[in-house]
Amino acid sequence: MASSLTKDSVTPGTPGSEKTFFGHPRGLATLFMTEMWERFSYYGMRALLPLYLVAPGGLGLSAGTATAIYSVYLSLVYLLAMPGGWFGDRVWGPRKTVAVAGGVIMLGHLTLALPYSGTFYGGLGLVAIGSGLLKANISTMVGQLYQGPDDPRRDGGFTVFYMGINLGAFAAPLIIGTVGESVNWHLGFALAALGMGLGVTQFLLGSRHLAAQSSVVPKPLSAEEKASTLRKAALWAGVAVVAYAIVGLSGHYTLNWILVPLTLLGVIIPVMVLARIKRDKDLDRAEQSKMSAYIWFFVAAAIFWMIYDQGGSTLSIFADSSAENSVLGWDFPVSWYQSVNPVLIMALAPVFAWIWLALNRRGKEPSTIVKFSSGLMLVGVSFFLFLAPLSIAEGGHKAAALWLVAIYFTQTVGELLLSPVGLSVTTKMAPAKYASQMMGVWFLAVTAGDATTGLLSIAGVDLNKTGIVALEATLAVVAGFAIWMYRNKVKSLMGDVR
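Throughout what follows, the structure given in this document is the object of discussion. What you see is a predicted model, and the numbers here were worked out from it, not measured in a lab. (Residues numbered from 1 in each chain as written. Predicted model: local features only at pLDDT ≥ 70, side-chain atom pairs only at ≥ 80, totals over all residues. Heavy atoms only, no water.)

The next subject is the environment of Tyr162. Position of Tyr162 relative to the elements: it lies in helix 6 (residues 154-182). Placed 23 residues apart in sequence, Tyr162 and Ser139 show a C-alpha to C-alpha distance of 9.9 Å. (Helix = DSSP H or I, 4+ residues; strand = E, 2+ residues; numbered from the N terminus.)

Following this line, the structure appears as C-alpha coordinates:
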(Lines give C-alpha, C1' and ligand atoms only; values in the text may rest on other atoms or scores of the structure.)
Protein backbone atom coordinates (compact mmCIF):
# COMPACT_ATOMS: atom_id res chain seq x y z
CA MET A 1 0.00 0.00 0.00
CA ALA A 2 1.30 3.46 -0.88
CA SER A 3 2.03 5.60 2.17
CA SER A 4 -0.34 8.42 2.97
CA LEU A 5 1.85 10.21 5.52
CA THR A 6 1.73 13.94 4.82
CA LYS A 7 3.22 17.03 6.42
CA ASP A 8 0.89 19.98 6.90
CA SER A 9 2.65 23.23 6.03
CA VAL A 10 1.78 25.12 9.18
CA THR A 11 3.77 26.29 12.16
CA PRO A 12 5.12 23.38 14.22
CA GLY A 13 3.40 22.93 17.51
CA THR A 14 0.02 24.17 16.31
CA PRO A 15 -2.93 21.80 15.98
CA GLY A 16 -2.65 19.89 12.70
CA SER A 17 1.11 20.43 12.32
CA GLU A 18 2.00 16.80 13.04
CA LYS A 19 2.39 14.18 10.34
CA THR A 20 -0.85 12.34 9.70
CA PHE A 21 -2.08 9.04 8.24
CA PHE A 22 -5.10 9.68 6.01
CA GLY A 23 -5.73 12.75 8.16
CA HIS A 24 -5.53 10.71 11.37
CA PRO A 25 -2.86 10.58 14.13
CA ARG A 26 0.34 9.02 12.83
CA GLY A 27 0.10 6.26 15.42
CA LEU A 28 -2.83 4.88 13.41
CA ALA A 29 -0.35 3.89 10.68
CA THR A 30 1.58 1.81 13.24
CA LEU A 31 -1.56 0.07 14.49
CA PHE A 32 -2.97 -0.31 10.94
CA MET A 33 0.18 -2.10 9.72
CA THR A 34 0.53 -4.19 12.90
CA GLU A 35 -3.06 -5.40 12.65
CA MET A 36 -2.77 -5.95 8.88
CA TRP A 37 0.25 -8.24 9.33
CA GLU A 38 -1.29 -9.98 12.34
CA ARG A 39 -4.46 -10.69 10.34
CA PHE A 40 -2.29 -11.77 7.39
CA SER A 41 -0.63 -14.39 9.59
CA TYR A 42 -3.87 -15.39 11.33
CA TYR A 43 -6.07 -15.78 8.24
CA GLY A 44 -3.30 -17.43 6.23
CA MET A 45 -2.86 -20.08 8.91
CA ARG A 46 -6.63 -20.36 9.29
CA ALA A 47 -7.08 -20.96 5.54
CA LEU A 48 -4.50 -23.75 5.62
CA LEU A 49 -5.51 -25.33 8.92
CA PRO A 50 -8.54 -27.52 8.01
CA LEU A 51 -6.96 -28.54 4.67
CA TYR A 52 -3.70 -29.55 6.38
CA LEU A 53 -5.59 -31.50 9.04
CA VAL A 54 -7.36 -33.72 6.46
CA ALA A 55 -4.61 -33.90 3.80
CA PRO A 56 -2.78 -37.25 3.34
CA GLY A 57 0.46 -35.22 3.36
CA GLY A 58 -0.70 -33.38 6.46
CA LEU A 59 -2.13 -34.99 9.58
CA GLY A 60 -4.59 -37.15 7.62
CA LEU A 61 -7.43 -36.76 10.13
CA SER A 62 -11.14 -37.30 9.45
CA ALA A 63 -13.29 -34.32 8.43
CA GLY A 64 -15.13 -34.48 11.78
CA THR A 65 -11.94 -34.34 13.85
CA ALA A 66 -10.53 -31.56 11.67
CA THR A 67 -13.71 -29.49 12.11
CA ALA A 68 -13.61 -30.08 15.87
CA ILE A 69 -9.97 -28.91 16.12
CA TYR A 70 -10.63 -25.88 13.92
CA SER A 71 -13.75 -24.93 15.92
CA VAL A 72 -12.01 -25.35 19.28
CA TYR A 73 -9.13 -23.21 18.05
CA LEU A 74 -11.46 -20.38 16.95
CA SER A 75 -13.47 -20.54 20.17
CA LEU A 76 -10.24 -20.29 22.19
CA VAL A 77 -9.08 -17.19 20.31
CA TYR A 78 -12.27 -15.35 21.24
CA LEU A 79 -12.50 -16.85 24.73
CA LEU A 80 -8.96 -15.62 25.50
CA ALA A 81 -9.81 -12.07 24.41
CA MET A 82 -11.30 -11.48 27.89
CA PRO A 83 -8.20 -12.46 29.88
CA GLY A 84 -6.17 -10.67 27.19
CA GLY A 85 -8.02 -7.46 27.95
CA TRP A 86 -7.56 -8.13 31.68
CA PHE A 87 -3.78 -8.39 31.19
CA GLY A 88 -3.76 -5.05 29.39
CA ASP A 89 -5.82 -3.40 32.13
CA ARG A 90 -4.21 -4.96 35.21
CA VAL A 91 -0.71 -6.29 34.42
CA TRP A 92 1.24 -4.93 31.43
CA GLY A 93 -0.73 -2.11 29.83
CA PRO A 94 -1.99 -2.30 26.22
CA ARG A 95 1.33 -1.48 24.49
CA LYS A 96 3.46 -4.11 26.24
CA THR A 97 0.66 -6.68 26.00
CA VAL A 98 0.45 -6.25 22.20
CA ALA A 99 4.25 -6.48 21.81
CA VAL A 100 4.40 -9.70 23.86
CA ALA A 101 1.32 -11.09 22.07
CA GLY A 102 2.93 -10.55 18.66
CA GLY A 103 6.01 -12.48 19.77
CA VAL A 104 3.88 -15.35 21.10
CA ILE A 105 1.91 -15.53 17.82
CA MET A 106 5.14 -15.55 15.78
CA LEU A 107 6.55 -18.33 17.97
CA GLY A 108 3.31 -20.28 17.49
CA HIS A 109 3.53 -20.05 13.69
CA LEU A 110 7.21 -21.08 13.78
CA THR A 111 6.20 -24.11 15.87
CA LEU A 112 3.52 -24.97 13.32
CA ALA A 113 6.19 -24.72 10.61
CA LEU A 114 8.17 -27.56 12.20
CA PRO A 115 7.55 -30.83 10.30
CA TYR A 116 6.45 -32.74 13.41
CA SER A 117 2.88 -33.61 14.35
CA GLY A 118 3.85 -33.63 18.04
CA THR A 119 4.58 -29.88 18.06
CA PHE A 120 1.55 -28.94 15.97
CA TYR A 121 -0.99 -28.60 18.78
CA GLY A 122 1.47 -26.63 20.91
CA GLY A 123 1.85 -24.18 18.02
CA LEU A 124 -1.92 -23.83 17.72
CA GLY A 125 -2.17 -23.12 21.44
CA LEU A 126 0.52 -20.41 21.24
CA VAL A 127 -1.24 -18.68 18.32
CA ALA A 128 -4.57 -18.78 20.21
CA ILE A 129 -3.02 -17.32 23.38
CA GLY A 130 -1.21 -14.58 21.46
CA SER A 131 -4.31 -13.68 19.44
CA GLY A 132 -6.38 -13.44 22.62
CA LEU A 133 -3.81 -11.13 24.22
CA LEU A 134 -3.61 -8.91 21.14
CA LYS A 135 -7.27 -8.72 20.09
CA ALA A 136 -8.76 -6.46 22.77
CA ASN A 137 -5.65 -4.35 23.43
CA ILE A 138 -4.85 -3.16 19.92
CA SER A 139 -8.41 -1.82 19.51
CA THR A 140 -8.03 -0.02 22.85
CA MET A 141 -4.90 1.73 21.54
CA VAL A 142 -6.74 2.93 18.42
CA GLY A 143 -9.29 4.65 20.67
CA GLN A 144 -6.47 6.21 22.75
CA LEU A 145 -5.17 8.12 19.72
CA TYR A 146 -8.22 10.41 19.82
CA GLN A 147 -9.39 13.10 22.20
CA GLY A 148 -12.23 11.17 23.81
CA PRO A 149 -15.40 9.65 22.31
CA ASP A 150 -16.51 12.97 20.80
CA ASP A 151 -13.43 13.40 18.57
CA PRO A 152 -14.96 13.70 15.04
CA ARG A 153 -12.11 11.60 13.55
CA ARG A 154 -12.69 8.64 15.88
CA ASP A 155 -15.21 6.63 13.80
CA GLY A 156 -13.18 7.25 10.65
CA GLY A 157 -10.05 6.02 12.43
CA PHE A 158 -11.69 2.74 13.32
CA THR A 159 -12.90 2.43 9.71
CA VAL A 160 -9.32 2.83 8.41
CA PHE A 161 -8.14 0.31 11.03
CA TYR A 162 -10.88 -2.12 9.90
CA MET A 163 -9.59 -1.84 6.33
CA GLY A 164 -6.19 -3.05 7.58
CA ILE A 165 -7.87 -6.13 9.02
CA ASN A 166 -9.52 -6.94 5.72
CA LEU A 167 -6.46 -6.20 3.58
CA GLY A 168 -4.48 -8.72 5.62
CA ALA A 169 -7.33 -11.24 5.55
CA PHE A 170 -7.71 -10.85 1.76
CA ALA A 171 -4.02 -11.26 0.88
CA ALA A 172 -3.26 -14.12 3.27
CA PRO A 173 -5.08 -17.03 1.56
CA LEU A 174 -3.78 -15.92 -1.85
CA ILE A 175 -0.15 -15.96 -0.68
CA ILE A 176 0.10 -18.29 2.31
CA GLY A 177 -2.64 -20.58 1.01
CA THR A 178 -1.02 -20.96 -2.41
CA VAL A 179 2.43 -21.74 -0.98
CA GLY A 180 1.01 -24.09 1.66
CA GLU A 181 -1.17 -26.09 -0.73
CA SER A 182 1.06 -26.03 -3.82
CA VAL A 183 4.61 -26.08 -2.38
CA ASN A 184 4.78 -27.21 1.26
CA TRP A 185 2.36 -26.99 4.18
CA HIS A 186 5.02 -26.05 6.69
CA LEU A 187 6.48 -23.39 4.40
CA GLY A 188 3.00 -21.83 4.39
CA PHE A 189 2.96 -21.74 8.19
CA ALA A 190 6.49 -20.24 8.10
CA LEU A 191 5.18 -17.44 5.86
CA ALA A 192 2.55 -16.73 8.51
CA ALA A 193 5.38 -16.41 11.05
CA LEU A 194 7.19 -14.00 8.70
CA GLY A 195 4.04 -11.89 8.41
CA MET A 196 3.69 -11.66 12.18
CA GLY A 197 7.40 -10.88 12.47
CA LEU A 198 6.93 -7.92 10.11
CA GLY A 199 3.97 -6.81 12.22
CA VAL A 200 5.97 -6.93 15.46
CA THR A 201 8.87 -5.03 13.84
CA GLN A 202 6.48 -2.37 12.54
CA PHE A 203 4.91 -2.05 15.99
CA LEU A 204 8.22 -1.69 17.84
CA LEU A 205 9.61 0.84 15.35
CA GLY A 206 6.44 2.93 15.28
CA SER A 207 5.40 2.69 18.92
CA ARG A 208 6.81 6.19 19.63
CA HIS A 209 3.85 7.56 17.68
CA LEU A 210 1.29 5.90 19.97
CA ALA A 211 -0.51 7.67 22.78
CA ALA A 212 1.48 7.81 26.01
CA GLN A 213 -1.60 6.35 27.68
CA SER A 214 -0.99 3.05 25.87
CA SER A 215 1.98 2.34 28.17
CA VAL A 216 -0.04 2.95 31.32
CA VAL A 217 -1.53 0.07 33.31
CA PRO A 218 -5.03 1.49 33.99
CA LYS A 219 -5.72 -0.49 37.16
CA PRO A 220 -2.57 -2.30 38.31
CA LEU A 221 -2.85 -5.32 40.55
CA SER A 222 -1.95 -4.77 44.18
CA ALA A 223 0.73 -6.99 45.74
CA GLU A 224 -2.00 -8.98 47.46
CA GLU A 225 -3.97 -9.44 44.23
CA LYS A 226 -0.80 -10.55 42.39
CA ALA A 227 -0.05 -13.16 45.03
CA SER A 228 -3.65 -14.42 45.00
CA THR A 229 -3.74 -14.60 41.18
CA LEU A 230 -0.44 -16.49 41.03
CA ARG A 231 -1.61 -18.95 43.69
CA LYS A 232 -4.84 -19.67 41.83
CA ALA A 233 -3.04 -20.02 38.49
CA ALA A 234 -0.46 -22.38 39.99
CA LEU A 235 -3.20 -24.45 41.63
CA TRP A 236 -5.20 -24.93 38.45
CA ALA A 237 -2.06 -25.56 36.38
CA GLY A 238 -0.99 -28.18 38.92
CA VAL A 239 -4.40 -29.88 38.80
CA ALA A 240 -4.25 -30.01 34.98
CA VAL A 241 -0.68 -31.40 34.93
CA VAL A 242 -1.50 -34.13 37.47
CA ALA A 243 -4.78 -35.07 35.74
CA TYR A 244 -3.20 -35.35 32.28
CA ALA A 245 -0.16 -37.17 33.67
CA ILE A 246 -2.48 -39.80 35.17
CA VAL A 247 -4.44 -40.15 31.92
CA GLY A 248 -1.26 -40.32 29.84
CA LEU A 249 0.59 -42.81 32.04
CA SER A 250 -2.48 -45.05 32.24
CA GLY A 251 -2.55 -45.28 28.44
CA HIS A 252 -6.02 -43.80 28.07
CA TYR A 253 -5.04 -40.48 26.49
CA THR A 254 -6.69 -39.51 23.21
CA LEU A 255 -7.14 -36.14 21.47
CA ASN A 256 -10.65 -35.90 22.94
CA TRP A 257 -9.13 -35.45 26.42
CA ILE A 258 -8.11 -31.99 25.17
CA LEU A 259 -10.96 -31.22 22.76
CA VAL A 260 -13.91 -32.13 25.01
CA PRO A 261 -12.91 -29.99 28.05
CA LEU A 262 -12.08 -27.01 25.83
CA THR A 263 -15.38 -27.19 23.92
CA LEU A 264 -17.34 -27.53 27.16
CA LEU A 265 -15.53 -24.49 28.56
CA GLY A 266 -16.44 -22.61 25.38
CA VAL A 267 -20.15 -23.20 26.11
CA ILE A 268 -20.14 -23.04 29.92
CA ILE A 269 -18.04 -19.88 30.43
CA PRO A 270 -20.25 -17.61 28.26
CA VAL A 271 -23.34 -18.85 30.15
CA MET A 272 -21.64 -18.28 33.52
CA VAL A 273 -20.49 -14.77 32.58
CA LEU A 274 -23.96 -13.71 31.41
CA ALA A 275 -25.58 -15.28 34.51
CA ARG A 276 -23.13 -13.47 36.81
CA ILE A 277 -23.86 -10.09 35.23
CA LYS A 278 -27.62 -10.73 35.19
CA ARG A 279 -27.65 -11.67 38.91
CA ASP A 280 -25.56 -8.69 39.99
CA LYS A 281 -27.61 -6.80 42.59
CA ASP A 282 -25.64 -3.58 41.89
CA LEU A 283 -27.47 -3.20 38.56
CA ASP A 284 -30.51 -0.96 38.63
CA ARG A 285 -33.85 -1.94 37.10
CA ALA A 286 -33.10 -0.31 33.72
CA GLU A 287 -29.74 -2.08 33.45
CA GLN A 288 -31.30 -5.43 34.37
CA SER A 289 -33.91 -4.91 31.64
CA LYS A 290 -31.23 -4.10 29.05
CA MET A 291 -29.29 -7.24 30.00
CA SER A 292 -32.46 -9.30 29.49
CA ALA A 293 -32.73 -7.84 26.00
CA TYR A 294 -29.02 -8.38 25.37
CA ILE A 295 -29.36 -12.11 26.05
CA TRP A 296 -31.67 -12.31 23.02
CA PHE A 297 -28.99 -10.73 20.86
CA PHE A 298 -26.25 -12.91 22.40
CA VAL A 299 -28.02 -16.22 21.73
CA ALA A 300 -28.86 -15.13 18.18
CA ALA A 301 -25.23 -14.11 17.59
CA ALA A 302 -23.99 -17.49 18.86
CA ILE A 303 -26.23 -19.25 16.30
CA PHE A 304 -24.99 -16.87 13.58
CA TRP A 305 -21.29 -17.51 14.29
CA MET A 306 -21.87 -21.25 14.63
CA ILE A 307 -22.87 -21.33 10.96
CA TYR A 308 -20.74 -18.46 9.66
CA ASP A 309 -17.41 -19.82 10.94
CA GLN A 310 -18.03 -23.12 9.20
CA GLY A 311 -17.08 -21.19 6.07
CA GLY A 312 -13.48 -22.00 7.02
CA SER A 313 -14.06 -25.62 8.02
CA THR A 314 -17.17 -27.41 6.73
CA LEU A 315 -17.31 -25.46 3.44
CA SER A 316 -13.54 -25.58 2.94
CA ILE A 317 -13.36 -29.34 3.49
CA PHE A 318 -16.34 -29.80 1.12
CA ALA A 319 -14.61 -27.65 -1.53
CA ASP A 320 -11.43 -29.71 -1.18
CA SER A 321 -13.19 -33.00 -1.85
CA SER A 322 -16.33 -32.21 -3.83
CA ALA A 323 -16.10 -28.89 -5.70
CA GLU A 324 -14.79 -27.99 -9.15
CA ASN A 325 -12.31 -25.36 -7.98
CA SER A 326 -11.84 -23.63 -11.31
CA VAL A 327 -13.13 -20.67 -13.27
CA LEU A 328 -13.19 -20.80 -17.10
CA GLY A 329 -10.83 -23.77 -17.01
CA TRP A 330 -8.35 -22.10 -14.62
CA ASP A 331 -7.75 -24.06 -11.43
CA PHE A 332 -7.13 -22.29 -8.13
CA PRO A 333 -6.21 -23.45 -4.58
CA VAL A 334 -9.08 -24.26 -2.20
CA SER A 335 -7.74 -21.77 0.36
CA TRP A 336 -8.54 -18.90 -2.03
CA TYR A 337 -12.21 -19.17 -1.07
CA GLN A 338 -11.21 -17.57 2.25
CA SER A 339 -10.37 -14.33 0.37
CA VAL A 340 -13.95 -13.96 -0.88
CA ASN A 341 -15.34 -12.63 2.42
CA PRO A 342 -12.74 -9.88 3.07
CA VAL A 343 -12.87 -8.55 -0.50
CA LEU A 344 -16.68 -8.46 -0.33
CA ILE A 345 -16.50 -6.69 3.06
CA MET A 346 -14.24 -4.00 1.59
CA ALA A 347 -16.53 -3.59 -1.42
CA LEU A 348 -19.89 -3.69 0.37
CA ALA A 349 -19.23 -1.98 3.73
CA PRO A 350 -19.17 1.55 2.21
CA VAL A 351 -22.34 0.72 0.24
CA PHE A 352 -24.16 -0.37 3.41
CA ALA A 353 -22.95 2.72 5.27
CA TRP A 354 -24.33 4.93 2.46
CA ILE A 355 -27.65 3.04 2.38
CA TRP A 356 -28.18 3.42 6.15
CA LEU A 357 -27.45 7.17 5.97
CA ALA A 358 -29.79 7.62 3.00
CA LEU A 359 -32.60 5.70 4.72
CA ASN A 360 -31.98 7.56 7.98
CA ARG A 361 -32.50 10.93 6.25
CA ARG A 362 -35.87 9.69 5.08
CA GLY A 363 -36.73 8.28 8.50
CA LYS A 364 -36.80 4.74 7.06
CA GLU A 365 -33.63 3.15 8.45
CA PRO A 366 -34.40 -0.35 9.82
CA SER A 367 -34.19 -0.73 13.59
CA THR A 368 -31.36 -2.57 15.32
CA ILE A 369 -33.66 -5.57 15.85
CA VAL A 370 -34.68 -5.76 12.18
CA LYS A 371 -31.04 -5.59 11.00
CA PHE A 372 -30.01 -8.24 13.50
CA SER A 373 -32.83 -10.63 12.66
CA SER A 374 -32.21 -10.14 8.91
CA GLY A 375 -28.52 -11.00 9.31
CA LEU A 376 -29.41 -14.15 11.22
CA MET A 377 -31.96 -15.23 8.61
CA LEU A 378 -29.43 -14.61 5.80
CA VAL A 379 -26.82 -16.89 7.35
CA GLY A 380 -29.59 -19.52 7.47
CA VAL A 381 -30.36 -18.87 3.79
CA SER A 382 -26.65 -19.39 3.01
CA PHE A 383 -26.89 -22.95 4.35
CA PHE A 384 -30.09 -23.56 2.41
CA LEU A 385 -27.98 -22.61 -0.64
CA PHE A 386 -25.36 -25.11 0.55
CA LEU A 387 -27.91 -27.90 0.07
CA ALA A 388 -27.61 -27.50 -3.73
CA PRO A 389 -23.86 -28.28 -4.05
CA LEU A 390 -24.25 -31.02 -1.42
CA SER A 391 -26.95 -32.67 -3.56
CA ILE A 392 -24.77 -32.30 -6.68
CA ALA A 393 -21.86 -33.98 -4.88
CA GLU A 394 -24.09 -36.78 -3.58
CA GLY A 395 -25.05 -37.42 -7.20
CA GLY A 396 -21.40 -38.15 -7.99
CA HIS A 397 -20.58 -34.81 -9.63
CA LYS A 398 -18.35 -31.90 -8.70
CA ALA A 399 -20.18 -28.74 -7.60
CA ALA A 400 -19.37 -25.50 -9.41
CA ALA A 401 -17.21 -22.95 -7.57
CA LEU A 402 -19.89 -20.28 -8.02
CA TRP A 403 -22.16 -22.16 -5.59
CA LEU A 404 -19.59 -21.63 -2.85
CA VAL A 405 -19.05 -18.00 -3.85
CA ALA A 406 -22.82 -17.46 -3.59
CA ILE A 407 -22.80 -18.96 -0.08
CA TYR A 408 -19.92 -16.70 1.03
CA PHE A 409 -21.65 -13.68 -0.54
CA THR A 410 -24.88 -14.36 1.37
CA GLN A 411 -22.97 -14.84 4.62
CA THR A 412 -21.06 -11.59 4.09
CA VAL A 413 -24.25 -9.59 3.62
CA GLY A 414 -25.58 -11.21 6.79
CA GLU A 415 -22.36 -10.29 8.61
CA LEU A 416 -22.66 -6.65 7.55
CA LEU A 417 -26.21 -6.59 8.93
CA LEU A 418 -25.45 -8.33 12.22
CA SER A 419 -21.82 -7.81 13.28
CA PRO A 420 -21.57 -3.97 13.31
CA VAL A 421 -25.02 -3.79 14.94
CA GLY A 422 -23.95 -6.32 17.57
CA LEU A 423 -20.82 -4.32 18.42
CA SER A 424 -22.84 -1.12 18.64
CA VAL A 425 -25.66 -2.55 20.75
CA THR A 426 -23.09 -4.14 23.11
CA THR A 427 -21.56 -0.74 23.91
CA LYS A 428 -24.98 0.93 24.21
CA MET A 429 -26.56 -1.67 26.48
CA ALA A 430 -23.56 -2.33 28.73
CA PRO A 431 -24.24 -1.67 32.44
CA ALA A 432 -21.95 1.09 33.74
CA LYS A 433 -20.21 -1.38 36.04
CA TYR A 434 -19.28 -3.65 33.11
CA ALA A 435 -18.62 -1.01 30.43
CA SER A 436 -15.01 -2.11 29.82
CA GLN A 437 -15.83 -5.85 29.87
CA MET A 438 -18.84 -6.02 27.58
CA MET A 439 -16.85 -6.17 24.34
CA GLY A 440 -15.25 -9.33 25.71
CA VAL A 441 -18.76 -10.61 26.46
CA TRP A 442 -19.71 -10.00 22.80
CA PHE A 443 -16.70 -12.09 21.70
CA LEU A 444 -18.00 -14.89 23.93
CA ALA A 445 -20.94 -15.26 21.52
CA VAL A 446 -18.40 -16.32 18.88
CA THR A 447 -16.83 -18.68 21.44
CA ALA A 448 -20.21 -20.27 22.22
CA GLY A 449 -21.08 -20.70 18.54
CA ASP A 450 -17.75 -22.28 17.58
CA ALA A 451 -17.69 -24.47 20.68
CA THR A 452 -21.14 -25.82 19.74
CA THR A 453 -19.80 -26.74 16.29
CA GLY A 454 -16.88 -28.46 18.01
CA LEU A 455 -19.17 -30.46 20.29
CA LEU A 456 -21.27 -31.62 17.33
CA SER A 457 -18.14 -32.77 15.49
CA ILE A 458 -16.75 -34.58 18.53
CA ALA A 459 -20.13 -36.30 18.95
CA GLY A 460 -19.71 -37.73 15.45
CA VAL A 461 -22.21 -35.48 13.64
CA ASP A 462 -21.25 -35.17 9.95
CA LEU A 463 -21.65 -31.45 9.23
CA ASN A 464 -21.39 -32.05 5.49
CA LYS A 465 -24.64 -34.04 5.34
CA THR A 466 -27.81 -32.48 3.91
CA GLY A 467 -29.89 -33.30 7.00
CA ILE A 468 -27.71 -31.46 9.52
CA VAL A 469 -27.08 -28.55 7.12
CA ALA A 470 -30.84 -28.16 6.61
CA LEU A 471 -31.37 -28.33 10.39
CA GLU A 472 -28.78 -25.59 11.04
CA ALA A 473 -30.26 -23.44 8.28
CA THR A 474 -33.76 -23.84 9.69
CA LEU A 475 -32.55 -23.02 13.22
CA ALA A 476 -31.01 -19.73 12.05
CA VAL A 477 -34.03 -18.67 10.01
CA VAL A 478 -36.48 -19.58 12.80
CA ALA A 479 -34.32 -17.75 15.39
CA GLY A 480 -34.17 -14.67 13.18
CA PHE A 481 -37.91 -14.77 12.61
CA ALA A 482 -38.53 -15.21 16.36
CA ILE A 483 -36.52 -12.08 17.15
CA TRP A 484 -38.50 -10.18 14.52
CA MET A 485 -41.82 -11.50 15.86
CA TYR A 486 -40.92 -10.48 19.43
CA ARG A 487 -39.28 -7.20 18.37
CA ASN A 488 -41.71 -5.11 20.41
CA LYS A 489 -40.95 -7.10 23.57
CA VAL A 490 -37.19 -6.85 22.98
CA LYS A 491 -37.53 -3.14 22.16
CA SER A 492 -39.34 -2.51 25.44
CA LEU A 493 -36.59 -4.36 27.37
CA MET A 494 -33.95 -2.21 25.63
CA GLY A 495 -35.38 0.92 27.26
CA ASP A 496 -33.87 4.07 25.75
CA VAL A 497 -31.45 2.18 23.45
CA ARG A 498 -32.35 2.26 19.77
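Applying the stated criterion across every chain yields a total of 26 aromatic pairs. Between the aromatic rings of Tyr52 and Trp185, the centroid separation amounts to 5.8 Å while the plane-to-plane angle is 65°, which identifies the pairing as edge-to-face. Pair noted here: Tyr52 is in helix 1 (residues 27-54) and Trp185 is in helix 7 (residues 185-206), with a separation of 133 residues, a long-range link. By relative accessible area, which is 3% here, Tyr52 ends up buried. Seen in terms of ring centroids, Phe87 and Trp92 are 5.0 Å apart; in terms of plane orientation they differ by 50°. Their pairing is tilted. For Phe87, a relative accessible area of 27% corresponds to the partly exposed category. Clustering of aromatic rings is evident, with ring pairs tying together Tyr52, Phe120, Tyr121, Trp185 and Phe189. The aromatic ring of Phe443 is capped on one face by Lys135, whose charged end is 5.5 Å from the ring centroid. (Phe/Tyr/Trp six-rings, centres within 6.5 Å; stacked < 30°, edge-to-face > 60°. Buried < 20%, exposed > 50% of the residue type's maximum accessible area, 1.4 Å probe, protein only. Lys NZ or Arg CZ within 6 Å of the ring centre and 35° of its normal.)

We now examine unusual backbone geometry. Phi at Leu328 is positive, roughly 55°, even though this residue is not glycine. Tracing the backbone through its elements, the reader meets Leu328 in the loop between strand 5 (326-327) and strand 6 (330-331). You can call Leu328 exposed: its relative accessible area is 89%.

Attention now moves to helix 1. For helix 1, which comprises 28 residues, the first-to-last C-alpha distance of 42 Å matches the rise-based estimate of 40 Å (1.5 Å per residue) to within 8%. A maximum bend of about 30° is found in helix 1 at Leu48, where proline Pro50 lies one to four positions downstream. Buried residues dominate helix 1, accounting for 25 of its 28 residues. (Expected span 1.5 Å × (residues − 1). Bend = angle between axes of the 7 residues up to and from the residue.)

Its place among the elements puts Phe318 in helix 11 (residues 314-322). Residue class for Phe318 comes out buried when judged on its relative accessible area of 3%. Expressed as a C-alpha distance, the spacing of Phe318 and Arg26, which sit 292 residues apart in the sequence, is 44 Å. Beyond its immediate sequence surroundings of up to four residues, Phe318 is in contact with Ala323, Phe386, Pro389, Leu390, Ala393, Ala399, Leu404 and Asn464. (Contact = heavy atoms within 4.5 Å.)

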